[in-house]
Every structure is written in C-alpha cells, then in structure tokens.
There are 2 protein chains.
Amino acid sequence: MNRADPPGTDPAWLPPEAFRPLGARRTRIRGAGPLVETVRDEVADACARFGGEVVRDGSYDLLLEVTDGGLGEEGFAYARDGGTTTVSASGGRGLLYGLFHVVRLGEAAFTGTRAREVHRPAKVLRMLDHWDNVAVHPVMGQVERGYAGGSLFWRDGRARGEFGRVRAYGRLLAACGINAVSVNNVNVHGAEARLLTDRIGEVAAIAEALRPYGIRTHLSVTFAAPVLLGGPATADPLDEAVRGWWARAVDAVYETIPDFGGFVVKADSEGQPGPFTYGRGHADGANMLAAALAPYGGTVHWRAFVYDHRQDWRDRSTDRARAAYEHFAPLDGEFADNAVLQVKHGPMDFQVREPVSPLLGALPRTRVAVEVQATQEYTGQQRHVCWLGPMWSEVLGFRPEGEAGPSVGEAARDLVAVSNVGDDPFWTGHPLAQANLYTFGRLAWQPDADPHRVLDEWIGLTFPSAPERLVTGLRAVLAGSWRTYEKYTAPLGVGFMVQPGHHYGPSVDGYEYSPWGTYHFADRDGIGVDRSAATGTGYAAQYAKPWAEVYESAETCPDELLLFFHHVPYGHVLRSGKTVIQHIYDTHFEGVEEVEEARRVWAGLADLMEPARHARVAERYEEQLRGAREWRDQINSYFLRKSGVPDAYGRLIC
Amino acid sequence: MNRADPPGTDPAWLPPEAFRPLGARRTRIRGAGPLVETVRDEVADACARFGGEVVRDGSYDLLLEVTDGGLGEEGFAYARDGGTTTVSASGGRGLLYGLFHVVRLGEAAFTGTRAREVHRPAKVLRMLDHWDNVAVHPVMGQVERGYAGGSLFWRDGRARGEFGRVRAYGRLLAACGINAVSVNNVNVHGAEARLLTDRIGEVAAIAEALRPYGIRTHLSVTFAAPVLLGGPATADPLDEAVRGWWARAVDAVYETIPDFGGFVVKADSEGQPGPFTYGRGHADGANMLAAALAPYGGTVHWRAFVYDHRQDWRDRSTDRARAAYEHFAPLDGEFADNAVLQVKHGPMDFQVREPVSPLLGALPRTRVAVEVQATQEYTGQQRHVCWLGPMWSEVLGFRPEGEAGPSVGEAARDLVAVSNVGDDPFWTGHPLAQANLYTFGRLAWQPDADPHRVLDEWIGLTFPSAPERLVTGLRAVLAGSWRTYEKYTAPLGVGFMVQPGHHYGPSVDGYEYSPWGTYHFADRDGIGVDRSAATGTGYAAQYAKPWAEVYESAETCPDELLLFFHHVPYGHVLRSGKTVIQHIYDTHFEGVEEVEEARRVWAGLADLMEPARHARVAERYEEQLRGAREWRDQINSYFLRKSGVPDAYGRLIC
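No experiment lies behind these values; they were computed from the predicted model shown.

## Quick notes on the packing of aromatic side chains
Moving on, step 1. Applying the stated criterion across every chain yields a total of 58 aromatic pairs over all chains.
Moving on, step 2. Ring centres 5.0 Å apart and planes at 70° place the aromatic pair A:Tyr97 and A:Trp445 in the edge-to-face group. Remark: A:Trp445 occurs in helix H13 (residues 434-445) and A:Tyr97 occurs in helix H3 (residues 92-105); sequence separation between them is 348 residues.
Moving on, step 3. With relative accessibility at 4%, the residue A:Tyr97 sits in the buried group.
Moving on, step 4. Taking the centre distance of 4.9 Å and the plane angle of 85° together, the rings of B:Trp313 and B:Tyr513 count as edge-to-face. Here the residue B:Trp313 occupies a position in the loop between strand E15 (299-303) and helix H10 (323-328), and B:Tyr513 occupies one in the loop between helix H16 (481-488) and strand E19 (526-527), the gap between them amounting to 200 residues. B:Tyr513 carries the same exposure label as B:Trp313, and that label is buried.
Moving on, step 5. Here the aromatic cluster, defined as three or more aromatic residues joined through ring pairs, consists of A:Phe398, A:Tyr539, A:Tyr543, A:Trp547, A:Tyr551, A:Phe564 and A:Phe565.
Moving on, step 6. The side chain of A:Lys642 reaches across the aromatic face of B:Tyr638, ending 5.6 Å from its centre.

Listed below in structure tokens is the structure:
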C-alpha cells in the first residue's frame with residue numbers, strides 16, 4: 001500500500017514494487033514548492049519501504065533538482081553519467097514528471113550512462129473529461145457512459161467528500177502525464193449548474209486534492225447559466241449584462257480556486273442550450289466565456305459536437321458526418337486565443353472505426369483539442385477488452401493534408417479523453433481497461449509514441465518484475481484487442497448496429513429508422529453510406545487532397561472505411577480480394593475465435609497475479625465471449641437473411 | 001358533479017345528465033342492506049338534481065325492489081306495464097345492476113310496455129387486474145404498462161389514502177357490471193408482498209371504498225411469500241409448514257376483510273417464483289392456495305402465462321406459442337374447485353392480432369378465466385384510438401371445437417381484464433379509451449353481446465342527448481379503430497415489431513434476435529413463422545378439429561393469421577387475392593389514411609363537447625398520426641429493402 005492508496009483500491013500502474021529501484025537508492029532533492037514536496041514525499045515513501053535514503057548532502061545515486069534550465073513549466077532533462085542519474089526541471093511539475101520517468105525506467109535508471117535528453121509534453125493540456133453527474137440522472141445514472149461504478153467526486157446529488165481516492169487518482173494521472181481534469185458531465189443539469197456559483201466550494205475541494213500532482217481542475221458549465229442561476233433573463237453572448245454576469249462569476253471562481261483551469265462547454269448540442277438560441281454564432285459564445293477567463297489565464301474548451309439529433313431517417317440528403325465541419329470550419333480564425341475548439345476524433349461518435357474528422361484539417365487558425373473516448377461506450381463498455389492505443393495512434397498520426405502537412409497529433413494544442421474511471425476498486429471496472437487510461441496520458445505527452453511501447457510500459461509498471469510468460473500473455477490479450485473488437489462488431493467502418501440507448505450489444509437495425517443520423521442502408525443488394533461528392537452526401541469533399549480523392553472512390557478507399565464512404569453490393573470485391581459479404585462472415589467468425597483464444601491465454605496466467613485481479617478479468621471474458629458470439633450470430637444471420645449469399649466455407653449461420 | 005365524483009374528475013359514462021330521466025320520476029325502493037342504501041342514495045341524488053322524488057307510498061313511475069325471486073345474487077328482472085317500470089332482484093347487488101340498467105335505457109325506461117325479462121351476468125367474476133405497483137418500479141414505474149398517470153391506490157411506496165376517487169371508480173365499474181378488482185401488480189416485489197400481512201389494512205381500506213358498489217377486492221401475491229415474510233424457509237406447496245403458514249395468513253386476511261375475493265398469482269413466469277423451484281407442479285401450487293381460501297369462499301386465479309423468456313433466438317424448435325398449452329393442458333381436472341386458471345386470450349402476449357389460445361379449448365374440467373388487456377400495451381398505449389370491443393368479441397365467440405361446441409365466452413367462468421385506469425382526470429389517459437373499459441364490463445356480463453351495440457350504449461351514457469352528428473362521429477372514429485391500428489402495425493398476425501422494453505412505436509427487428517420468443521423470420525424471400533404440424537413447430541396441432549386443419553394449411557388459414565402460422569414468400573397470394581407484400585404496402589398506406597380521416601372527423605366535433613375533452617383527444621390524434629406514419633414508413637421501407645418488390649401503385653416508400 002502506497003501513501004496515496006486508500007484501502008481496497010488497486011494500485012494500478014503504481015504498485016509499491018514499481019518504486020523498488022528508486023526506493024533502494026540514495027536520492028538528493030533540490031528545490032522548493034508544493035510539487036517539490038510531493039516529489040520529496042514520494043521518494044521518502046519509497047525509501048522507507050525499500051531501504052534507500054533521501055540525502056541532504058554526501059553522495060547520491062539520483063539527483064532531482066529544480067534549476068533555471070529553461071525547460072518550461074512541465075519539461076525535464078534526464079541524464080546518467082558517472083554512476084549518477086540526474087533529473088533537472090525548471091519547476092515542480094517538471095520535476096514530478098521526471099520522477100515518474102525514473103520510476104518507469106526502473107533498474108535501467110541506475111545502470112550505464114545516458115546522454116542528457118530533454119522531455120517536454122507535446123500537448124499543452126492532457127486532459128480527462130469526466131461525464132460524472134452530481135445528481136443521479138434518471139437514465140444515465142451517476143456517471144454518463146460510465147462502466148466503473150459510481151463517481152469519484154459525486155454521489156446522489158452531493159460531493160462525496162472523500163479525497164483519499166481523488167488524491168490517489170491524481171497521482172496515477174500524473175504518472176502518465178495528465179495535467180487537467182474536468183469534474184462534471186458536459187450535459188449540465190440543474191444540480192451541476194450550481195457548481196459554478198454557490199457550489200464552487202465542492203469543486204475547490206477536488207482541486208485541492210488534485211493540485212499536489214500538478215493537475216488543474218476544470219468545470220463543465222451550461223451556456224444558459226445566467227438564466228438558470230438568477231442572472232439576466234437571457235444568455236445572449238453579446239448582451240452586456242450577460243458578459244458582466246460571466247465576468248463576475250469567473251472572478252468568484254478564481255477567488256476560490258486561483259489555479260482553476262477553465263470551462264468545458266457543450267452548446268447547441270443534443271438539447272443543451274447555446275448561442276443559436278439568441279441568433280449568435282459559436283465563436284460569439286466561446287469568445288464571451290474566453291473573455292471572462294482571459295484575465296486569469298483560463299481556457300474555455302468549446303465542443304464541436306453539434307449536429308441535428310432529430311433528423312428524419314427518410315431524408316437521405318442530410319448527413320450527420322458533415323455537421324461539425326459545416327458548423328465550425330467557417331469559423332476558423334474567429335476564436336479567441338484562450339478558446340479551444342474541442343473536436344471529436346471522428347465525424348460521428350466514438351465508433352470502433354471512423355475516418356478522422358475532416359474538421360481537424362480545417363482549423364489552421366484555431367486552437368484545437370482532439371477528443372477521444374477512454375470510456376468504452378461503443379467499444380465493449382469495459383466488459384470487453386479493447387485497448388484503444390492503436391486507434392488513437394492512427395488518429396494522431398493522420399495527416400489531413402497528406403504527407404507534406406502536419407499530423408493531427410502535431411497540430412492539436414490539447415488532447416482530451418472522456419474518462420473511463422469510477423469508484424470501482426480497479427478504477428476502470430475491467431482491470432485491463434487501465435491500459436487505456438495510461439496509454440491516453442502517454443500519447444498526450446508524446447502523440448507519435450509507439451503505442452505498443454507504451455503498452456509495454458504499462459505492463460512493466462503494473463506488473464513489476466513480471467516473468468516473460470506474463471508479459472507475453474498480457475501483450476497477446478491486449479495488443480490486438482481493438483481489431484478483434486472491430487471484427488465481431490459493425491463491419492468496414494459502417495458503425496453503430498448497437499442496441500439503442502445503452503449502446504451495449506448488437507442490434508443491426510437498432511438505429512436504422514431513428515432520428516440520430518446513424519444509418520447503414522442495408523438492403524437485399526448491398527450496404528453502406530454513399531458519402532462521395534459525385535453521387536452521395538458530399539462528405540468526402542470536406543477533406544483536402546489527397547484524402548478527398550482517396551475516399552471519393554470505392555476503388556481507392558481503405559477497406560476498413562469502405563462502408564462509411566460507399567454503398568456497395570454484397571459482391572463488391574475489397575482491396576483484400578474478398579467480397580464484402582464474405583468479409584463480414586469471415587471477420588465475425590475470426591473475432592469470436594480471437595476472443596476464445598484470449599480467454600484461453602488469460603486462463604493460463606492465473607498463477608502470475610493476485611487472484612482477485614485474475615478472477616475479475618476471467619469473469620469479464622465470459623461476458624465478452626457471450627457478447628462476441630451474439631454479435632457474430634446477429635450480424636451474420638442478418639446479412640445472410642438479407643443477401644441470400646451463403647458462407648463460402650459452409651459454416652453454420654443461424 | 002355527481003355525489004361520487006371528486007372535483008376535477010371526468011364523470012365518464014355516468015355524467016349527471018345520464019340520470020335525468022330517472023331523476024325526474026317518482027321512484028319507490030323496497031329492500032334493506034348496504035347495497036340497497038347505495039341504490040337509494042343514487043336515486044335520491046338524481047331526484048335532487050332533476051326534480052323527481054323517492055317515495056315511501058303512493059304512486060310511482062319506477063319500483064326498485066328486493067324480492068325472493070330466485071334471481072341469484074346479481075340478477076334482476078325488468079318489466080314495464082301500466083305506466084310503471086319494475087326492477088326486482090333477490091339482493092342488493094342485483095338491484096344495483098337493475099338501477100344502472102334503467103339509467104342505460106334513459107327515457108325508454110319510462111315509455112311503452114315491456115314484458116318481464118331476466119338479466120343475469122354470464123360470468124361469475126367480471127374482474128379488473130391492476131398492474132399497479134406500491135413502490136415505484138425503477139423500470140416499470142408506478143403502474144406497469146399504465147398509460148393513465150399514477151395509481152388510484154398507491155403512490156411512492158404508500159397507500160394514497162384518498163378514497164373519493166376509488167369510490168367513484170367502483171361506481172363506474174358497477175355501472176358496466178364489473179364485480180372484482182385486484183389491487184396490485186402480478187409482479188409482486190418487496191413492498192407489495194407485505195400487503196398480504198402487515199399491510200393488509202391498506203387493502204382493507206380499498207375494499208371498504210369499493211364494497212358499496214358490489215365490488216370485491218383481490219390481491220396479487222407472490223408464491224414465495226412464506227420465505228419473504230418470515231415464515232418457513234421454503235415455499236414448497238406440499239410442505240405442511242408452508243400450507244399452515246398460508247392458512248394462517250388467509251385467516252388473518254379474512255379477519256380484516258370478510259368479503260375478500262382471493263388471490264391472483266403469476267408463478268414460474270418471467271422471473272417470478274413458483275412451484276417449479278420445489279419440483280412441484282402448478283396444480284400443487286394453485287391447490288395449496290385454494291385450500292387456504294376455500295373455507296371463506298375465496299378463489300385463487302392462477303395465471304397460465306408460463307413460458308421460457310430466456311429462449312435462444314437461434315433455436316427454431318422452441319415455440320413460445322406452445323408453452324401455455326404444454327404446461328397446463330395436461331393438468332386439466334387437477335385443479336381445486338376454487339382454483340381458476342387464468343389464461344391470456346392468445347398464445348403470445350396481447351398482440352393486436354393473435355389466434356385464440358388453444359389452451360382455452362383444452363380445459364373442459366378446469367374453471368377458466370379468460371384474460372384480456374384493456375390497458376393498451378401493444379395497441380397504442382392510450383395515445384392511439386384502438387377500441388378493442390370487436391377483438392374481444394371475436395375471442396369470446398370463438399368455438400374451439402367448431403360450430404358444435406361451446407364458445408370461449410360460454411365456457412369460461414370468469415372474464416378478467418388488465419385495467420387501463422390511472423389517476424388521470426379522464427381515468428384512461430385517452431378519453432376514448434374509456435370505451436374499452438366499459439365494453440369489457442358489458443361483454444363480461446354478456447359475452448355474446450354485439451360490441452357495436454355496447455359502443456352505442458357507451459356513447460349514449462357518456463354523451464347524453466348527443467346530436468346525431470356526434471353519435472355518428474364517435475362511431476366513425478371508434479368502431480373501426482382496432483382494424484385501423486392493425487393495418488398500420490405488424491401485418492397478418494405476425495405480431496410484435498415494436499420497440500423493445502416499452503413496446504411503443506415500430507422496430508421491425510426489435511425482438512428478432514432477442515430471448516423473448518417473438519420472431520417474424522423475415523428474410524429476402526419471405527416472412528412468417530411456420531407453426532404447422534407438417535413442417536413447423538407443431539403449434540397448429542394443439543387445436544382440435546376443425547381449427548387444427550384450418551390453421552395447418554396456408555391455403556385455408558385466415559389471411560389475418562397467415563404469418564402467425566406460416567412462413568410464406570412475399571409473392572404468396574392471400575385469400576383476398578393480393579400478394580403478401582402488396583397487402584403489407586396497401587394496409588400500411590390505408591391505415592395512415594384512416595387515421596387522417598378519423599382526425600378530420602374528430603376536428604369536426606369540437607362544438608359538441610367540453611373543450612377539454614375535445615382538446616385532449618385532438619392532441620392525441622396528432623401523436624397517433626405521427627406514430628402511424630412512422631409505422632407505415634418503417635414497415636414499408638423494411639420490406640421494400642428486404643424483398644426488392646416495388647409497390648404496385650408506385651407510391652413513395654423511403
């Protein structure tokens with residue numbers, strides 16, 4: 001049990017053993033300030049456990065020092081020479097990240113020599129958005145799309161008031177490089193609205209627990225806050241009274257939380273209020289909030305998830321995928337410096353496979369946050385293993401203007417994930433879903449990192465001194481799990497086919513005749529959405545070249561996105577050489593086989609970890625396998641019934 | 001406002017004006033007892049309003065008398081001769097029904113002459129089952145499948161303790177002949193279980209409010225009551241301790257409610273406990289409760305709704321439709337005299353069209369209650385007009401053994417409906433849904449009554465002195481509404497195609513890959529469930545001749561049940577001469593047109609009733625039309641996509 005771990009809580013990627021190499025050494029710490037104190041406490045704890053020492057003079061193995069090195073607020077330099085390891089930083093945050101770098105290196109931090117290398121986070125904010133509700137929502141519960149128990153922050157309308165767990169959470173986040181947390185759901189209801197004003201003290205208490213680990217606290221606010229909270233009767237962003245109300249509200253927030261991060265806003269989206277109500281634009285709305293926050297260095301994260309969620313399914317001319325680009329691309333350059341446009345990585349909604357949002361290539365003069373979803377809403381809800389590292393990595397590596405231009409990961413200011421954490425003892429419900437949270441943090445620090453190297457880091461930290469059999473087994477069940485999940489769910493980028501509402505389990509036509517704009521248009525002849533410019537919705541033309549051309553033609557479109565961009569006959573031959581229908585059958589049989597194999601591999605690891613962790617995962621594999629078979633059978637039956645094309649291998653399709 | 005109507009409550013089919021002919025006359029009442037007092041109060045109230053008189057001697061227009069005429073507890077004789085109308089009965093209940101007969105007749109009760117005619121209810125119990133929960137169920141709410149607001153009896157875990165409305169309800173029920181009410185949901189959860197024991201006083205208070213109108217109170221109990229309520233650790237029906245526990249529980253109930261009606265039990269059904277848990281049969285379970293109730297003349301209504309609700313959709317050999325027959329037909333003759341087997345009218349679950357349950361033809365030595373559903377779970381949820389009189393009439397007129405044998409209506413002991421009433425000001429949400437409740441009561445009194453005559457009765461009572469335009473309009477919107485609803489929803493008896501869970505609105509595949517046993521098996525070539533004996537599930541063979549033969553062949557099966565019994569190609573030609581696919585298109589276009597026409601007719605009646613009633617119905621027509629169009633478009637699109645067969649008339653199908 002480490003200092004910050006409350007009883008009964010899994011240590012995740014910071015088990016005491018991970019501190020053994022550090023804790024057995026002599027460490028000198030130079031510097032002052034609250035975060036340096038955090039560093040000092042961490043090292044002291046490790047030494048108390050493993051026999052090392054924090055020294056004030058004399059020889060040492062490790063020097064952790066705050067210098068004037070121009071390394072920025074969060075950067076650090078690392079070197080090893082003459083038997084001494086040195087981490088230097090320009091401030092406490094950098095030193096803390098340097099400390100966790102040493103922990104990650106393990107024994108390697110204390111062997112050999114290493115030329116000085118500078119580490120700096122690539123992204124300004126590496127942020128988690130919690131979709132936690134203060135009051136239990138009648139449909140969405142305590143945590144919207146939460147699969148890990150209750151909220152760490154709120155319970156039944158009130159702040160939990162238990163900060164040991166929050167502090168431990170902050171520590172885990174710092175260890176993977178995350179530096180910002182938004183503490184409530186972007187859908188802001190009555191109870192949550194008041195966090196901005198008379199309940200700001202509850203936010204301050206969370207901020208206090210997270211601050212020692214360098215994490216700033218942000219708040220989701222409703223655009224209608226002035227109206228809801230006794231201010232002006234309008235929320236018109238150009239109304240002086242409204243602007244004044246927000247300015248005063250922000251003053252009061254910073255009086256309580258001097259290092260407050262800023263606001264997250266879901267406006268004019270899925271029923272949330274926004275500037276459209278007043279005939280104003282999104283830049284007007286975002287800039288008003290930005291102006292109130294600017295004096296304090298706060299930012300507003302303005303979500304670009306704006307679309308018509310009451311679409312008529314009969315109307316084939318409307319295409320939800322086009323919406324974010326249409327709303328926001330024309331506003332490029334109009335947002336204030338501290339207004340960050342937060343864009344979902346894909347044009348739809350966190351499906352297992354989507355193209356990268358064309359909006360991410362259309363905002364050269366706008367500060368952008370890329371939003372991904374660590375909580376596995378559409379990817380198995382933390383009952384299925386689905387390690388998203390490779391997907392995120394693909395998104396971050398995508399170059400909207402082709403090879404010559406910057407990648408999404410290079411261009412974005414911030415990287416944001418919807419959190420997958422709750423009050424579950426394993427933090428994430430499924431113990432292996434911890435790898436998603438860790439990977440997110442590390443990719444936000446370094447978007448071009450090899451995700452498989454990050455996965456190995458996570459394995460190394462979570463299972464210190466793991467025998468090779470365990471390392472191999474963990475890699476085997478995690479590394480390909482995203483593609484496995486893709487195989488047994490909606491095929492070839494077409495998306496959805498999930499049960500309406502809760503989004504768990506298959507329902508091929510579940511959203512086909514709905515107002516949500518998420519269709520596959522399967523009929524007896526073929527399937528897919530024609531989003532070409534020539535004959536379809538024109539979505540493909542929202543991309544710059546070369547992507548507009550690549551996606552425009554079914555011949556050049558990557559297989560995995562074919563049905564996102566094109567409606568094709570079941571007999572259409574993929575670039576892989578298979579027909580679409582045979583691809584559907586094959587991948588669904590393969591997906592289930594891969595889950596069966598992963599379950600088998602997992603069963604073989606029982607002797608290599610605590611029984612509780614093994615059992616929790618084993619249980620979930622039973623459910624994953626049941627679910628994968630259900631997906632396989634529903635999808636295959638649906639398409640056999642519709643196409644009439646038998647499986648080339650004569651396998652049983654019910 | 002009549003004496004029993006609480007403020008703000010619609011008088012339904014007992015508006016003060018309905019009492020004008022009676023209230024303007026001189027009436028003599030002879031007899032004594034509580035129900036005679038009810039009769040006396042009713043007449044006195046009417047006279048106070050309309051200038052007539054209750055006389056103790058001298059001349060009179062109407063004589064209401066209790067005699068020794070051998071008319072049974074509930075029968076009455078009616079005659080008019082020499083300017084005097086006479087109603088005689090052998091007891092207070094009969095007299096009360098005779099009084100409401102006079103009210104129904106209106107002025108006709110006081111003109112001409114009429115030879116003595118005897119009226120007796122055909123069914124012993126004419127009963128409403130309330131699926132009201134005491135505690136609000138997290139999914140099902142206060143009233144399971146309730147579409148008329150909260151419960152009249154319970155609110156948020158407690159008895160409402162307001163009996164004016166309950167009394168008014170009893171009065172309405174008596175006026176259409178209903179004599180029994182079960183006050184809680186057949187799904188009995190924790191709070192409801194205790195109604196049997198320490199909360200029996202709450203049931204007694206309801207019984208007291210209903211008693212003046214001749215209505216007995218029944219209670220749904222859980223088979224696991226002994227275990228749940230501190231009795232033996234088993235509920236084995238052959239265990240002496242269990243039998244003793246029930247006997248004592250029943251003793252205590254009758255001590256509190258001497259005229260208690262008995263129990264309703266849903267056992268071994270959809271997760272409710274039952275005798276199967278202890279390796280016992282349903283007759284064992286029912287007879288145990290019957291034995292406890294017998295000394296007091298109480299009955300147990302044992303529901304036959306037993307089937308596997310966790311079926312594998314891949315398993316085509318299991319057929320839910322067969323379940324009730326398979327479970328209960330072998331038990332014929334084994335049930336105690338006061339154990340009544342309560343059988344849903346169809347083999348599935350209250351669909352807009354089902355065959356009559358073959359179990360109803362397989363219980364010659366069992367007392368049977370036929371259960372219908374007044375609450376419109378699958379028939380528009382009281383947002384759509386769907387007058388069920390003709391459907392119930394068809395069921396009751398069905399002769400399981402052919403023309404020579406008795407009808408279902410003749411053979412059954414009791415008729416039971418799931419209530420459609422709540423605390424809505426109009427009682428039933430949709431004001432026109434009152435006609436379902438009224439019609440149910442009247443058909444329970446006389447199963448072979450012409451439902452259209454009953455509808456006219458309801459119109460005459462509800463809208464006294466209605467001009468012909470109103471009568472014609474009401475008939476126009478109600479008389480054919482069931483067939484209209486059938487036209488725009490699931491076709492040709494195939495059933496379901498509803499949104500899972502709440503069962504409102506279309507979802508063609510909503511239950512297709514579910515565990516509920518409710519499938520349509522549509523593929524690109526055809527649709528329907530083969531339930532023939534020759535090639536299908538064998539369900540058709542559960543019927544006696546001639547029905548087993550009629551249903552066995554797609555050539556002789558009635559069109560409206562074709563897809564219930566047979567899987568046929570889309571091009572199969574119906575007895576009507578149309579192909580199945582063209583029938584689907586045509587009926588769905590027609591159904592919407594009929595709703596449009598009904599809405600137009602309703603709009604033309606605005607000047608003929610109170611604005612609130614007209615507006616409520618007009619609002620619901622907007623929703624019905626929206627819903628009907630959604631059904632039309634989803635069903636037609638689904639089958640066009642699947643079959644590829646274009647509409648013969650070239651109408652737009654999205």
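Next comes the rest of the account.
## Some words on the packing of helix H3 (residues 92-105) of chain B against helix H4 (residues 164-176) of chain B
Residues and elements named next belong to chain B.
Moving on, step 1. Where H3 contacts H4, the two axes come as close as 8 Å, and the packing angle between them is 80°. When the axis of H3 is compared with that of H4, the two are roughly perpendicular. On H4, the residues that touch Leu 96, Tyr 97, Phe 100 and Arg 104 of H3 are Arg 171, Ala 174 and Ala 175.

## Focus on unusual backbone geometry
Moving on, step 1. For the bond running from A:Lys545 to A:Pro546, omega is 5°, close enough to zero to count as cis.
Moving on, step 2. With respect to the helices and strands, A:Pro546 occurs in the loop between strand E19 (526-527) and helix H17 (547-552).
Moving on, step 3. Of note, the phi angle at B:Gln382 is positive, near 60°, even though the residue is not glycine.
Moving on, step 4. One can find B:Gln382 in the loop between strand E17 (367-373) and helix H11 (389-397).
Moving on, step 5. The exposure class assigned to B:Gln382 is buried, which follows from its relative accessible area of 0%.

## A short note on the interface of chain B and chain A
Moving on, step 1. Residue-level contacts link 22 residues of chain B with 22 residues of chain A.
Moving on, step 2. Approximately 2100 Å² of surface area, both sides summed, lies buried where chain B meets chain A, with 46% of it carried by carbon and sulfur atoms.
Moving on, step 3. The largest contributions to the chain B side of the interface with chain A come from B:Tyr513, B:Arg524 and B:Arg641, which together make up 39% of the buried area.
Moving on, step 4. Along the contact surface separating chain B from chain A lie six salt bridges.
Moving on, step 5. Here A:Arg314 makes a salt bridge to B:Asp633, at a shortest N to O gap of 2.4 Å.
Moving on, step 6. Counting every contact that joins chain B to chain A gives 17 residue pairs in polar contact (both at pLDDT 80 or more).
Moving on, step 7. The residue makeup of the side of chain B that touches chain A, split by class, is six nonpolar, four polar and twelve charged.

## Section: the pattern of salt bridges
Moving on, step 1. Applying the stated criterion across every chain, the model contains 106 salt bridges over all chains.
Moving on, step 2. For A:Arg314, the salt bridge identified is with A:Asp312, shortest N-O distance 2.7 Å.
Moving on, step 3. For A:Asp312, a relative accessible area of 34% translates into the label partly exposed.
Moving on, step 4. The salt bridge partner of B:Arg171 is B:Glu42, with a shortest N-O separation of 2.6 Å. Separated by 129 residues along the polypeptide, B:Arg171 in helix H4 and B:Glu42 in helix H2 (residues 34-50) bring together distant segments of the chain. You'll find B:Arg171 and B:Glu42 in the same group, each marked buried.

## Overview of the sheet that holds strand E15 (residues 299-303) of chain A
All names here are of chain A.
Moving on, step 1. Strand order in this closed barrel of eight strands is E7-E12-E13-E14-E15-E16-E17-E18, and the pairing throughout is parallel. Shown here is a sheet whose adjacent strand axes are inclined to one another by a mean of 25°, direction ignored.
Moving on, step 2. Relative to strand E18 (residues 414-418), strand E17 (residues 367-373) runs parallel, the two sharing five bridges. Pairing of Glu 371 across the sheet is with Val 416, part of E18.

## A look at the side chain of A:Asp633
Moving on, step 1. Among the secondary structure elements, A:Asp633 is positioned in helix H20 (residues 611-643).
Moving on, step 2. The residues touching A:Asp633, leaving out its near neighbours within four places in the chain, are B:Trp313 and B:Arg314.

## Some details on the sheet that holds strand E5 (residues 84-89) of chain A
Residue and element names in this part refer to chain A.
Moving on, step 1. Taken in spatial order, the six strands line up as E2-E1-E3-E5-E4-E6 in an open sheet, and their pairing is mixed. Every interior strand has two partners, whereas the edge strands, strand E2 (53-55) and strand E6 (114-119), have only one. Pairwise comparison of adjacent strand axes, ignoring direction, gives a mean angle of 15° for this sheet.
Moving on, step 2. Here strand E3 (residues 62-66) runs beside E5; their pairing, made up of five bridges, is parallel. Opposite Leu 64, over in E5, you have Val 87 as the bridge partner.
Moving on, step 3. On the sheet, helix H2 (residues 34-50) packs against strand E1 (26-30), E2 and E3 and is oriented at approximately 170° with respect to E1.

## Notes on the relation of the copies chain B and chain A
Moving on, step 1. Turning chain B through 180° and shifting it by 0.0 Å along the axis lays it on chain A, with an RMSD of 0.0 Å. The relationship between the two copies is best expressed as a two-fold rotation axis.

## A look at H2(B)
Residues and elements named next belong to chain B.
Moving on, step 1. The end-to-end C-alpha distance of H2, which contains 17 residues, comes to 24 Å, matching closely the 24 Å that a straight helix rising 1.5 Å per residue would cover.
Moving on, step 2. Among the residues of H2, Leu 35, Val 36, Thr 38, Val 39, Arg 40, Glu 42, Val 43, Ala 46, Cys 47 and Phe 50 are the ones counted as buried.
Moving on, step 3. In this structure, the buried residues of H2 make contact with helix H1 (20-23), strand E1 (26-30), strand E2 (53-55), strand E3 (62-66), H3 and H4.
Moving on, step 4. A positive phi of about 90° marks Gly 51, the residue just after H2.

## Comments concerning the environment of A:Ala77
Residues and elements named next belong to chain A.
Moving on, step 1. Within the secondary structure, Ala 77 is located in strand E4 (residues 76-81).
Moving on, step 2. Through-space distance from the C-alpha of Ala 77 to that of Thr 489 is 45 Å; in sequence the pair is 412 residues apart.
Moving on, step 3. In this structure, Ala 77 is in contact with Leu 71, Thr 86, Val 87, Ser 88, Arg 116, Glu 117 and Val 118, ignoring residues within four places of it in sequence.

## Some details on the confidence of the model for chain A
Close inspection of predicted coordinates is inappropriate for parts of the model with low pLDDT.
Moving on, step 1. The pLDDT averaged across chain A works out to 97; a share of 99% of its residues lies at or above 70.
Moving on, step 2. Scored as a complex, the prediction yields pTM 0.93 and ipTM 0.90.

## Comments concerning the pairing of strand E13 (residues 216-220) of chain B
Residues and elements named next belong to chain B.
Moving on, step 1. Here E13 lies mainly inside the structure; four of its five residues are buried.
Moving on, step 2. Bridge count for strand E12 (residues 180-182) against E13 is three bridges, and the pairing is parallel. Across the sheet, residue Ala 180 finds its bridge partner in E13, namely Arg 216.
Moving on, step 3. As judged from the three bridges shared by E13 and strand E14 (residues 262-265), these two strands associate in the parallel manner. Residue Leu 219 lies in a different strand from E14, and its bridge partner there is Phe 263.

The rules behind the values
As a convention, each chain's residues are numbered from 1 in the sequence order in which they are written. Just so you know, chain letters begin at A and ligand numbers begin at 1, following the order they were written in. Reporting of local features is limited, given that this is a predicted model, to residues whose pLDDT is at least 70; pairs of side-chain atoms are given and counted only at 80 or more, and all residues count toward the totals for whole chains, interfaces and linings. Computation of side-chain values: all heavy atoms of the structure, hydrogens and water removed. Two rings belonging to Phe, Tyr or Trp (six-membered ring only in the last case) form a pair when the distance between their centres is within 6.5 Å. Interplanar angles under 30 degrees mark stacking, angles over 60 mark edge-to-face geometry, and anything in between is tilted. The helix and strand labels rest on DSSP assignments: H or I over at least four residues marks a helix, E over at least two residues marks a strand, and numbering proceeds from the N terminus. Throughout this description, buried means an accessible area under 20% of the type-specific maximum (1.4 Å probe, protein chains only), exposed means over 50%, and partly exposed covers the range between. Counted as over-ring charges are cases with an Arg CZ or a Lys NZ within 6 Å of the ring centre that also lie within 35 degrees of the ring normal. Axis definition: a line fit to C-alpha positions, over the contact stretch in the case of helices; interaxial angles, taken between N-to-C directions, run 0 to 180 degrees. Angles below 35 degrees are treated as roughly parallel, those above 145 as roughly antiparallel, those between 65 and 115 as roughly perpendicular, and all remaining angles as oblique. Working rule for contacts: check all heavy atoms of both residues, and any pair within 4.5 Å makes them a contact. Throughout, buried area stands for the accessible area (probe radius 1.4 Å) lost by two parts on being put together, summed over both. Note on definitions: salt bridges are taken to be side-chain nitrogens of Lys or Arg within 4 Å of carboxyl oxygens of Asp or Glu. Residues adjacent in sequence count toward polar contacts only when both atoms are side-chain atoms; beyond that, a polar contact is any pair of N or O atoms within 3.5 Å, and within protein one must be able to donate a hydrogen and the other to accept it. Ten residue types, Ala, Val, Leu, Ile, Met, Phe, Trp, Tyr, Cys and Pro, are classed as nonpolar, four, Asp, Glu, Lys and Arg, as charged, and the remainder, Gly among them, as polar. Each pair of strands is called paired provided DSSP finds at least two bridges between the two strands. Here the copies are matched by least squares. The fit uses the C-alpha atoms of residues with pLDDT of at least 70 in both. The length a helix should cover is 1.5 Å for every residue beyond the first. Here pLDDT means the predictor's own confidence in every residue, given as a number from 0 to 100.

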